[in-house]
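If you want the building blocks of each chain, they are given just below.
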Amino acid sequence: MRRRTLLAGITGIAGGLVAGGATPAFARAAGHVLHVRPGESVQAAVDAVDGPGGTIVVHPGTYREVVNIPSGKGELTLCGATRDPRDTVIVFDHANGTKKPDGTTYGTAGSATFTSAAPGLTVRDLTLANDWLRADHPDITGTQAVAAYTYGDRTRFENVRLLAHQDTLFVDTTALDVFDRQYFRHCYVEGDVDFVFGRATAVFEQCHFHTLQRDVDFTPKGMVFAPSTARANPHGILAVRSRITSGAEDGTYKLARPWVPSYETTAWPSLVVRDTWIGSGIDPVTPYVNMRDAYPWQTMRFWEYRNTGPGAVITVPENRPQLTGAEARLHTRETYLGDWRPHA
């Protein structure tokens, strides 16, 4: 199966392949620590957490299941047992258009392998993946397949690999008028179409974004970012001191396009990419593109500052809006995250 081939490429240790809902045999330790090992279920460990707080340590292996952390499990830490995120993989293969047993489809958010509404969540040292492939399902047109869907305030990901194709990472908020904050450090995110998207205040620091090769004869092959920031929110997606690489041909990807959802037509997408190395896979001449002509990218809050690399070369200035030094001081992790300091 093509799915298994992809999975072999994302796991570092074979471990045990776990079916969701397997009966756990957890070893509890002091401080409400749960250990999950091959043959057990990560979701069962989440369910066993009694109220906020606690730590779930997932040991090396591949856990094929869907994991959902509800809002009542705040301040939870989910981490791999080793420092190498390749060792511990949570993966599933739902897409937007995949049918549920009742005949309805999962939708974009419902396709996620990992979902969390919990405030104060920390995830580190593991891989979250959705290995659904378009080529295996030519009958499905809803090809969004999310690896992680997060919408709790003070969500922190560190040393996490996020792998999928379309819509890999959905950074959302708990409500249209709530500006939930999310922080990603030393993370790796790969995909093809809109693979970092949503309306959260999301800071990516020292992260690696990688665009995948696509066997299609059109350009662009995809986009890295698709913010849908609420108009009232001064802060959307910020990528700082990061890098963007590509497995595709030069100039075949766009840096971003604005997403104005049909359920929130007042959205004013905001993206700042600064102090970041941008590789040749990104089109340097026209790095932005419209998602819908009714919402041109030029009217959005798209800015860059002091980027380097072949994909950051400014050849047509009006196509690459730049912050001034004074403006750049308003777009830092501190201004975006406010009184929350996960980086301290």
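Residues numbered from 1 in each chain as written. Predicted model: local features only at pLDDT ≥ 70, side-chain atom pairs only at ≥ 80, totals over all residues. Heavy atoms only, no water.

**Student:** Explanation requested: the overall build of the chain in the structure shown.
**Tutor:** Looking only at helices and strands, one finds five helices and 26 strands in the chain. A compact globule built from 344 residues should have a C-alpha radius of gyration of about 20 Å, and the chain, at 19 Å, falls within 12% of that. When the backbone C-alpha atoms are referred to their principal axes, the chain occupies close to 60 × 45 × 35 Å. Counting the 344 residues in the chain, one finds 59% classified as buried. Of all intrachain contacts in the chain linking residues separated by at least 6 positions in sequence, the fraction that spans at least 24 positions is 69%. Surface exposure of the chain reaches about 13600 Å², of which carbon and sulfur atoms provide 53%. Averaged over its 34 positive side-chain charges, the chain has a centre that lies 3 Å from the centre of its 36 negative ones. (Helix = DSSP H or I, 4+ residues; strand = E, 2+ residues; numbered from the N terminus. Rg over C-alpha atoms; globule rule 2.2 N^0.38 Å. Buried < 20%, exposed > 50% of the residue type's maximum accessible area, 1.4 Å probe, protein only. Contact = heavy atoms within 4.5 Å. Areas by Shrake-Rupley, 256 points an atom, 1.4 Å probe, with all protein chains shown as cover. Lys, Arg positive; Asp, Glu negative; His and termini not counted. Charge placed at Lys NZ, Arg CZ, Asp CG, Glu CD.)

**Student:** It is not clear to me how the packing of aromatic side chains should be interpreted in this structure. Could you clarify?
**Tutor:** Centre distance and the angle of the planes are the two values used to describe a pair of aromatic rings. Considering all chains together, one arrives at 13 aromatic pairs under this definition. Geometrically, the ring pair formed by F197 and W259 is tilted, given 5.6 Å between the ring centres and 55° between the ring planes. Highlighted residues: F197 in strand β17 (residues 196-198) and W259 in the loop between β23 (253-256) and β24 (270-274), separated in sequence by 62 residues. For F197, a relative accessible area of 4% gives the class buried. Given a relative accessible area of 15%, W259 falls into the buried group. Ring centres of Y288 and F302 lie 5.3 Å apart, and the angle between their planes is 45°; on these two criteria the pair is classed as tilted. Here F302 lies in strand β26 (residues 301-305) and Y288 lies in the loop between β25 (277-278) and β26, a separation of 14 residues in the sequence. Comparing Y288 with F302 shows no difference in burial state: the two are buried. (Phe/Tyr/Trp six-rings, centres within 6.5 Å; stacked < 30°, edge-to-face > 60°.)

By themselves these figures say nothing about function.
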